[in-house]
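# Structural overview for review
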Amino acid sequence: MAIEVHNATKHFGSFTALDDVSVTVQDGALMALLGPSGSGKSTLLRIIAGLETLDTGRVEIGGEDQTDAPTRTRGVGFVFQHYAPFKHMTVYDNVAFGLTVRKTPKQDVRERVHELLGLVRLDGLAKRYPSQLSGGQLQRMALARALAPQPKVLLLDEPFGALDVQVRGELREWLRRLHEEIHVTTIFVTHDQEEAMDVAGQIVVMNAGKVEQTGSPRELYEHPNNEFVMSFIGPVNRLGDALLRPHDIQILSGAGDHYADAVEALVRRVVHLGFEVRVELTLPDGRDVWAQVTRETAHELELHEGQILAARLPAPRVFA
Amino acid sequence: MSSESVAIGRPGAPAAQRVEPPHAHAGTRESASGAVARRWGLRTLALGYLLLLLGAPVGMIFYRTFEHGLAPVWEAVTQPNAVHAFWLSVELVAIVVPLNTVFGISIALLIERGRFRGRALLGLLLDLPFAISPVVVGLALVLVYGRTGWFGDWLTSHGIQVIFSIPGMVLATAFVSLPFVARETIPVLHELGTDAEQAAATLGASAWQTFRRVTLPAIRWGVVYGVVLTTARALGEFGAVSIVSGRLEGQTQTLPLYVQDRFENFDTTGAYAAAVVLALLAFATLLGMNLLARRTQRDTVV
Amino acid sequence: MTPDGASHALERSAPHPRVPAWRPFGRGPSGRSLLGGRAGTALGGGLLGLYLSVLVLLPIAALLDSAASGGTGSFWRAVSSPEAVAALKLTLVVSAIVVVINALFGTLIAWVLVRDEFPGKGVVNALIDLPFALPTIVAGVVLLALYGKGGPTGIDITFTRAAVGLALLFVTLPFVVRSVQPVLIELDLSMEEAAGTLGAGRWTVFRRVVLPNLTPAILSGAALSFARALGEFGSVVLISGNLPFKTEVGSVYIFNQVENDNVSAAASVSVVLLVCALVVLAGMTLLSRRMSRHVL
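Keep in mind that what you see is a predicted model, and the values were worked out from it rather than measured. (Residues numbered from 1 in each chain as written. Chains lettered and ligands numbered in written order. Predicted model: local features only at pLDDT ≥ 70, side-chain atom pairs only at ≥ 80, totals over all residues.)

Moving on, we get to the overall build of chain B. Per the secondary structure count, chain B includes 15 helices and zero strands. Buried positions account for 55% of the 302 residues belonging to chain B. Of the contacts formed within chain B by residues at least 6 apart in sequence, a portion of 76% connects residues at least 24 apart. (Helix = DSSP H or I, 4+ residues; strand = E, 2+ residues; numbered from the N terminus. Buried ≥ 20, exposed ≤ 12 C-beta atoms within 10 Å, placed from the backbone. Contact = placed C-beta atoms within 7 Å.)

Okay, here's the thing in structure tokens:
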């Protein structure tokens, strides 16, 4: 179901967590709320779930006004940052919780729980306790638990934040596939732009309690509305007021005066990062920039420290 | 008040936590024999103090109670007044402990989970019984519920007797044992955090279901520990009950009051026997406390 | 004054025991109240308020009212009567001595229980709490069995001020031990080792490294001991003989005034005792908190 938030404002004491925020999530979408810490993204998620109350504004889920509805009647599945497992219950009982509080018949509960445990690949672990699970397993249990009562929308608060890098990558992939399978409207909060771009179809970029821009990963990357979005999504070089992407800097063989549209640059340092090579340059006016080139390019140009070569800078973006 | 100053180990816990091999400490430069002598000196001093203050007197009362065999002891504790006092104490415990348990859990929830002004004040108020002499508690209750107290006329005209009868003793016992459950529950609730409760709400659980199925199981050992302390305190309360009960033999005399009565009437056998019954209950409490401490420790480690 | 339970309220797995388990002044958790809506909270709050009022607030108010009923003159007469002054003075002096002994031996016992190893340590550790579990009247009887008339030691301390002190030492034993013990357990040994590598001797290490870290805990344990000692009744009543001007402590004096229907005098002295306890608790708590801030 679609989620709409209109003009949401929320203060914690003198701190403004949300400042007149409006967001629309289409039915069946997989959306990321992306922003640095303190940007209000988690608060927005908790407001949709009813875990926080709005100062002013409105929340609609599936076209119904839910602004003052208690959490338990909103039909949201919520996955907490640290999973919030019920530590005194087995994995089975954790997943069954949302069904048993609704007095679902035992047989139905059993079927549904086993179906979900299969879906999250925890089949054999039903009788374990949360303390006996790894981080990734806990994460999947939390997801199964949230999905059990067939929520209208699924909300995930920094779902991969507490996992180590490798597990995080697997789970991202898996979450995307899961969403394709069950197609429930999903919002997840993250501060990791790569994660947001990897998983989500739509991204809402937030900063200081406001929405900076909403769009697909590609739109945000190629057409950022402002400096914040451009520098938050992807790497940038900063030349005064102007911003440019490191991979847009073209490095050419030979000295700068061979090309009309290029400048001379001194290679200060070459960093090999596998496929990508990072070249730190000093321009004739003394400013430092860095460029991203492929391994092949670096090899062809025989890049090394102290080298003088030509660099073609793209037209930089300047935001008002 | 005392709330801030409390950071005290649970029985059983410290010994289990860290076992230091002797001589593992600071890089001292003195000889090993000096260290051993010092260690023995400190140990002897500490244990000697405990023996003189605690061990010997408690051992002595058991010895003196049973020195003439079991028969006189049995006779003493089966005296009608002794039996009545025992059951009266049990009755008080049976009334007060459930009351204070419900109260303690509720107030702990209110202080840890509530959002209202005056939570700080509530915390201080809750601690008040720890700063008041039991005698003063008794006096204060008499001043409200006694014949000449604030509500004296009203109570008399409605034929309700509070002071010198069970209700007054319940009030006195409840007052002095009021904070235990809350004080044991609050830190556990604090540590538990609200995540699991919020998760339950998102899964559709009502407030009562959340409490019953998520919060209570998580805090249960803290609560039980508080209940054990409440029971011990309620069973042993003397000063406050002494004032509000009127100490009527065979009527409002609890077991601790009975001990005093026997002692002052030079019936040391009766006094010792009753005291030993109470002491055994105290040992049972200690045992319970230690088992629970170990239990909670295991729970938090797992 | 029976702060028994206070001593057990600890934060079970807190990394540092000097951080109080209970922070009544802290901000509440954010988010919706999970207590069951506004109406439920109001109803529950009302019931709790009623219970607290009937049990605690009204009686305290009545106590203050009674103490003030005759005006300041009568209050002053009540608390400055020679017998009352003698009782209060004895209570304060003996409590102060008891607290000092407690601080010394409590710290020593905690040290031995944490840093020493000997057979039966677990049992000794468990028995430290016995004075909290034992009814106070039984504590008095127990002490009389050994140190009273006809005891096996030949000593008879009944009806002496020493007896009052002994009873108070017995019932307040656990406070300092139980507040110092966890701090000592958490104390970083490497600090002492560092001092050792810097050339400090054992005593210097203790005095300049260990003791400053223990002081806040010793102070808070001592404050609780003092509050408890000021109000103690059950353990003292049999052993002291309650001789006016000699062994009669404050709580016993109040008790006797109540028995003699001299209620407003009893209330007046009660208020003095209560204020003393609160001042000491608040003062020691503040001091201990200030010190622990530096030590942390």
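From this point on, the discussion continues.
What follows covers the overall build of chain C. The helix and strand inventory of chain C stands at 12 helices and zero strands. Counting from the amino terminus, helix and strand elements in chain C follow one another as α-α-α-α-α-α-α-α-α-α-α-α. Looking at chain C as a whole, 54% of its 296 residues qualify as buried. Taking the intrachain contacts of chain C between residues at least 6 apart in sequence as the baseline, contacts between residues at least 24 apart amount to 78%.

With 12 residues, helix H7 (residues 134-145) of chain B should cover 16 Å at 1.5 Å per step; its first-to-last C-alpha distance of 16 Å lies within 8% of that length. Among the 12 residues that make up H7(B), 12 are buried, leaving the element largely enclosed by the rest of the structure. (Expected span 1.5 Å × (residues − 1).)

Attention shifts here to the sheet that holds strand S14 (residues 263-273) of chain A. All names here are of chain A. A sheet is described by the order of its strands in space; here five strands give the open sequence S13-S17-S14-S15-S16, paired in antiparallel fashion. Strands with a single pairing partner mark the edges of an open sheet, and in this sheet they are strand S13 (250-252) and strand S16 (288-294). Put simply, the sheet's adjacent strands are angled 45° from each other on average, direction ignored. (Pairing = 2+ DSSP bridges. Axes fitted to C-alpha atoms, helices over the stretch in contact; angles between N-to-C directions.)

The next subject is the packing of H7(B) against helix H11 (residues 250-259) of chain C. One can describe the packing of H7(B) onto H11(C) by two numbers: an axis separation of 9 Å at closest approach and a directional angle of 25°. Taken as axis vectors, H7(B) and H11(C) run roughly parallel relative to one another. The chirality of how H7(B) crosses H11(C) is left-handed. Along its contact with H7(B), which presents Val135(B), Val136(B) and Leu139(B), the element H11(C) presents Ser251(C), Ile254(C), Phe255(C) and Val258(C). (Parallel < 35°, antiparallel > 145°, perpendicular 65-115°, else oblique. Left-handed = near helix turned anticlockwise from the far one by under 90°.)

Attention now moves to the sheet that holds strand S9 (residues 202-207) of chain A. Residues and elements named next belong to chain A. A sheet is described by the order of its strands in space; here six strands give the open sequence S6-S7-S8-S3-S9-S10, paired in mixed fashion. Pairing within the sheet leaves two strands with one partner each, and these edge strands are strand S6 (76-79) and strand S10 (210-215). With direction set aside, neighbouring strand axes in the sheet form an average angle of 15°. Summarising the sheet, strand S3 (residues 30-34) and strand S8 (residues 185-190) pair through five bridges and their orientation is parallel. Residue pairing in the sheet places Leu34 in a bridge with Thr190 of S8.

All names here are of chain C. Of the residues in chain C, 85% reach a pLDDT of 70 or more, and the chain-wide mean stands at 82. Averaged pLDDT values over the elements of chain C bottom out at 79 in helix H8 (residues 189-197) and peak at 94 in helix H3 (residues 82-115). Every residue in residues 1-36 scores below 50 in pLDDT, and together they form 129 contacts with partners more than four places removed in sequence or on other chains. The complex model carries a pTM of 0.81, and its ipTM stands at 0.83. (pLDDT = per-residue confidence, 0-100.)

Viewed as axis vectors pointing N to C, helix H3 (residues 32-66) of chain B and helix H6 (residues 136-147) of chain C meet at an angle of 80°, and their least axial separation amounts to 8 Å. Considered as vectors, H3(B) and H6(C) are oriented roughly perpendicular to each other. Of the residues in H6(C), those touching H3(B) at Ala56(B), Pro57(B), Val58(B), Met60(B), Ile61(B) and Arg64(B) are Val141(C), Val142(C), Leu143(C), Ala145(C) and Leu146(C). A breakdown of the residues in the contact of H3(B) with H6(C) according to their chemical character gives 10 nonpolar, no polar and one charged. (Nonpolar A, V, L, I, M, F, W, Y, C, P; charged D, E, K, R; others polar.)

Each regular strand carries side chains that alternate between the two faces of the sheet. Residues and elements named next belong to chain A. In the sheet, S14 pairs with strand S17 (residues 308-312) via four bridges, with the strands oriented antiparallel. When the bridges of S17 are listed, Leu266 appears paired with Ile308. In this sheet, strand S15 (residues 276-282) lies alongside S14 in antiparallel orientation, the contact comprising seven bridges. When the bridges of S15 are listed, Leu273 appears paired with Glu276. Two successive antiparallel strands, S14 and S15, enclose a turn made up of two residues, where Gly274 displays a positive phi of approximately 85°.

All names here are of chain A. Here S9 lies mainly inside the structure; five of its six residues are buried. Of the strand pairs in this sheet, S3 and S9 are connected by four bridges, and their pairing is parallel. Considered in S9, the bridge of Leu33 is made with Val204. Of the pairings in the sheet, the one linking S9 to S10 comprises five bridges and is antiparallel in character. Bridging across to S10, Met206 finds its partner in Val211. Counted between consecutive antiparallel strands, the loop separating S9 from S10 contains two residues, among which Ala208 sits at a positive phi close to 50°.

Here we come to the confidence of the model for chain B. This prediction gives chain B a mean pLDDT of 84; 87% of its residues lie at or above 70. Confidence over residues 1-29 of chain B falls short of pLDDT 50; this stretch has 103 contacts with residues more than four positions distant or in other chains.

Attention now goes to the nonpolar core. The biggest cluster of nonpolar side chains holds 268 residues, and the ones touching the most others in it are Leu139(B), Ala275(B), Val141(C) and Ala167(C). Look past the residues within four positions of Ala167(C) in its chain and what remains in contact with it is Ala139(C), Gly140(C), Leu143(C), Ser235(C), Val236(C) and Ile239(C). Core analysis: the second largest hydrophobic core is formed by 12 residues, Ile251(A), Val267(A), Val277(A) and Ala291(A) among them. (Core = buried A, V, L, I, M, F, W, Y, C linked by C-beta atoms within 7 Å.)

Okay, the environment of Ala311(A) next. Residue and element names in this part refer to chain A. Tracing the backbone through its elements, the reader meets Ala311 in strand S17. What makes Ala311 buried here is the crowd of 21 C-beta atoms within 10 Å. Through-space distance from the C-alpha of Ala311 to that of Val263 is 5.5 Å; in sequence the pair is 48 residues apart. Those residues in contact with Ala311, other than ones at most four positions away along the chain, are Ile249, Gln250, Ile251, Ala262, Val263, Ala265, Leu281 and Ala291.

With respect to the helices and strands, the residue Asn213(C) is situated in helix H9 (residues 202-231). When the C-alpha atoms of Asn213(C) and Met291(C) are compared, they prove to be 8.9 Å apart, with 78 residues separating the residues in sequence.

Here the focus is unusual backbone geometry. Residues and elements named next belong to chain C. A positive phi is found at Phe159, a non-glycine position, where the angle reads about 65°. Relative to the helices and strands, Phe159 resides in the loop between H6 and helix H7 (161-186). Phi at Phe245 is positive, roughly 70°, even though this residue is not glycine. Within the element layout of this structure, Phe245 appears in the loop between helix H10 (234-239) and H11.

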